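Residue strings, one per chain:
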Amino acid sequence: MKSHLNTPALSSSNKSITASPTGGVHIPDEGDHVLIIGRSVSMLAKAAREAGFKPLVIDAYGDVDTRLAAEAFCRLHYRGMMIDIGRLHADLISLERLYGSAPICWGSGWEASGHLLCALACRYSLLGSSPLALLALARPGWYESQGEGNFAKHDFGLTPTGRQYLVKDRRRAGGHGVGFGSGERFLSAARFRQQFIKGKSISMTCLAGPDGVAVIGWSDHVELQTSPRFLFRHSAVISRMPPPVSESLSHAIERAAKDLRLFGLFGVDFILRNDESLTIVEINPRPTASVPLHLEMGVAFRLHVDPSLWTKVSPVAFPRRLRGAAVVYADIPIRLPKKLNWPTWASDVPSESRVYANGEPLCSIRAEAGSGEAVKRLLNDRLEELLAMFQTKKH
């Protein structure tokens, strides 16, 4: 893999070329409308706007930043963990009548609706990876098919005895569907077991294109808010220097990207063991929360829809100042007023006044400093400041 680990400046280009999962090629111009659909797509909406596109957003949260970036906004509805097909279809028809046909850039929240995304690919051009990647990654057997050594073991069958293991829900992302196994003999079809590995959780942001996979940057996963209900939920990420990557692991990621038909930005989660070896625990076939740590937003979106632009990027030295970002969750049910004096380092703030349940995301915070520890302290201080403003407490 080519290793470029920083925030470069993108050379100017008016065209973005993306290979559709159905085999066609779509070339959106700057100024064109782009559909951005997912549970939480604020980052993608802002990135599309900064890249010169006009985002038509269908999102489950509708925070202030998302609405400001959007040319038009619709609420994404779910039935249980699956996207409400009827409502989404109605919104797509309404947007098409107003703005014409537009390609779809998909974000989070499709884990339980991969078949729906495949169906949409027959009608719309899709930006980014093939939705078939979602279907493949929902099967523990896919990880097992990659061979031993670089991937965590998945789906042990009967309950393993004498060792800890994780139980994952294939319909959920962001760590909300992950917990420790409790000796259950059988699991439902939506859940599977994964080997538990002791070590540090880190991730790699990558770019997949016709010429292979390029490494954009690395980040540490940091826990700021603990929760007994969500032990593995996404909390914070902080950019870091790259760890040693073996040739075997590099080839494994290249093979996985080709097998999954990955295209554009995607993420790989690892456990960094005490002996400095890396084990892959998950692949996310879409842009992840770590992207803004390594790339400016407009640059990121252009690269996502046209990975060939990476060859026009001039690599620079690893930045001296590291970046961090975190999600702030409600620790107890809390009502946020419609108007709050939000700090400049807070984003994705709510657009409506209502009661937010325990565990619901409230906003995002960001920080920048000279070291990872300094970024973590700054994020924690800002978290405490917000929680005090919300008159709640941190566990």
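Residues numbered from 1 in each chain as written. Predicted model: local features only at pLDDT ≥ 70, side-chain atom pairs only at ≥ 80, totals over all residues. Heavy atoms only, no water.

**Student:** Requested: an account of the overall build of the protein, with residues and values cited.
**Tutor:** Looking only at helices and strands, one finds 10 helices and 23 strands in the protein. Going through the 395 residues of the protein one by one, you find that 53% of them count as buried. In the protein, 62% of the contacts between residues at least 6 apart in sequence involve partners at least 24 apart. For the protein, the exposed area adds up to about 17700 Å²; of that, 51% sits on carbon and sulfur atoms. (Helix = DSSP H or I, 4+ residues; strand = E, 2+ residues; numbered from the N terminus. Buried < 20%, exposed > 50% of the residue type's maximum accessible area, 1.4 Å probe, protein only. Contact = heavy atoms within 4.5 Å. Areas by Shrake-Rupley, 256 points an atom, 1.4 Å probe, with all protein chains shown as cover.)

**Student:** With reference to specific residues and values, describe the sheet that holds strand β5 (residues 54-59).
**Tutor:** Here 5 strands make up an open sheet; going across it, the order is β6-β5-β4-β9-β10 and the pairing parallel. One side of each edge strand has no neighbouring strand; the edge strands of this open sheet are β6 (72-75) and β10 (126-127). Bridge count for strand β4 (residues 33-38) against β5 is 6 bridges, and the pairing is parallel. Paired with Gly-38 across the two strands is Asp-59, which belongs to β5. Strand contacts of helix α1 (residues 42-50): β4, β5 and β9 (104-106), with the helix running at about 170° to β5, the strand carrying the most contacts. Relative to the sheet, helix α3 (residues 85-99) contacts β4, β5 and β6, its axis offset from that of β5 by approximately 160°. (Pairing = 2+ DSSP bridges. Axes fitted to C-alpha atoms, helices over the stretch in contact; angles between N-to-C directions.)

**Student:** Account for the packing of aromatic side chains, naming residues and giving values.
**Tutor:** Using the criterion set out here, one finds 6 aromatic pairs in the structure. Between Tyr-143 and Phe-151, the ring centres sit 6.1 Å apart and the planes meet at 65°, which makes this aromatic pair edge-to-face. The structure contains a cluster of three or more aromatic residues connected by ring pairs, namely Trp-142, Tyr-143 and Phe-151. Arg-39 extends its terminal NZ or CZ atom over the ring of Tyr-78, reaching a point 4.0 Å from the ring centre. The ring of Tyr-356 carries Arg-354 above its face, with NZ or CZ at 3.9 Å from the centroid. (Phe/Tyr/Trp six-rings, centres within 6.5 Å; stacked < 30°, edge-to-face > 60°. Lys NZ or Arg CZ within 6 Å of the ring centre and 35° of its normal.)

**Student:** Explain the packing of α1 against helix α9 (residues 297-305) to me, using residue names and the numbers behind them.
**Tutor:** In the contact formed by α1 and α9, the axes pass within 7 Å of each other and the chain directions differ by 90°. With respect to each other, α1 and α9 are oriented roughly perpendicular. Of α9, the residues touching α1 (which contributes Met-43, Leu-44, Lys-46, Ala-47, Ala-48 and Glu-50) are Met-297, Gly-298 and Phe-301. Of the residues that constitute the contact of α1 with α9, the class distribution is 6 nonpolar, 1 polar and 2 charged. (Parallel < 35°, antiparallel > 145°, perpendicular 65-115°, else oblique. Nonpolar A, V, L, I, M, F, W, Y, C, P; charged D, E, K, R; others polar.)

**Student:** A description of the nonpolar core should follow, citing residues and the corresponding values.
**Tutor:** Among soluble globular proteins, nonpolar side chains are generally buried collectively. With 29 residues, the main nonpolar core has Ile-36 and Phe-301 as its most contacted residues. Looking at this core, the elements with two or more residues in it are β4, α1, β15 (212-222) and α9. For this core, the element with the most residues is α9, which contributes 6 residues. The contact partners of Phe-301, leaving out residues within four places of it in the chain, are Val-34, Ile-36, Leu-44, Ala-47, Ala-48, Ala-51, Phe-53, Cys-105 and Leu-127. Listed in part, the 27 residues of the second largest apolar core include Ala-136, Trp-218, Ala-257 and Leu-278. (Core = buried A, V, L, I, M, F, W, Y, C linked by side-chain atoms within 4.5 Å.)

**Student:** Can you lay out the side chain of Ser-290 for me, pointing to particular residues and giving the numbers?
**Tutor:** Mapping Ser-290 onto the fold places it in the loop between β18 (278-284) and α8 (291-294). Assessed through its relative accessible area of 4%, Ser-290 is described here as buried. There is a polar contact of 3.1 Å between the side chain of Ser-290 and the side chain of Ser-219. (Polar contact = N/O pair within 3.5 Å; in protein donor to acceptor, adjacent residues only side chain to side chain.)

**Student:** So what about the sheet that holds strand β13 (residues 191-195)? Which residues, and what values?
**Tutor:** As a general point, the strands of a sheet are linked pairwise by backbone hydrogen bonds and lie either parallel or antiparallel. Spatially, β12-β11-β13 is the arrangement adopted by the 3 strands of the open sheet, whose pairing is antiparallel. Each having just a single partner strand, β12 (178-180) and β13 make up the two edges of the open sheet. The sheet shows a mean angle of 30° between the axes of neighbouring strands, taken without regard to direction. Taken together, the 5 bridges between strand β11 (residues 165-169) and β13 define a ladder with antiparallel strand orientation. Residue pairing in the sheet places Leu-166 in a bridge with Gln-194 of β13.

**Student:** How would you sum up the pattern of salt bridges? Please name residues and give values.
**Tutor:** On inspection of all chains with the given rule, the structure shows 13 salt bridges. Of the charged contacts in the structure, one is a salt bridge between Arg-302 and Glu-30, with a shortest N-O distance of 2.5 Å. Within this pair, whereas Arg-302 is found in helix α9, its partner Glu-30 is found in the loop between β3 (25-26) and β4, the two being separated by 272 residues in sequence. The class of Arg-302 is buried, set by a relative accessible area of 15%. Two residues, Glu-368 and Arg-321, come together in a salt bridge whose shortest N-O distance is 3.4 Å. With Glu-368 in strand β23 (residues 361-369) and Arg-321 in the loop between α9 and β19 (322-329), the pair connects residues that are 47 residues apart, well separated along the chain. For Glu-368, a relative accessible area of 38% translates into the label partly exposed. Judged by its relative accessible area of 46%, Arg-321 falls in the partly exposed class. (Salt bridge = Lys/Arg side-chain N within 4 Å of Asp/Glu carboxyl O.)

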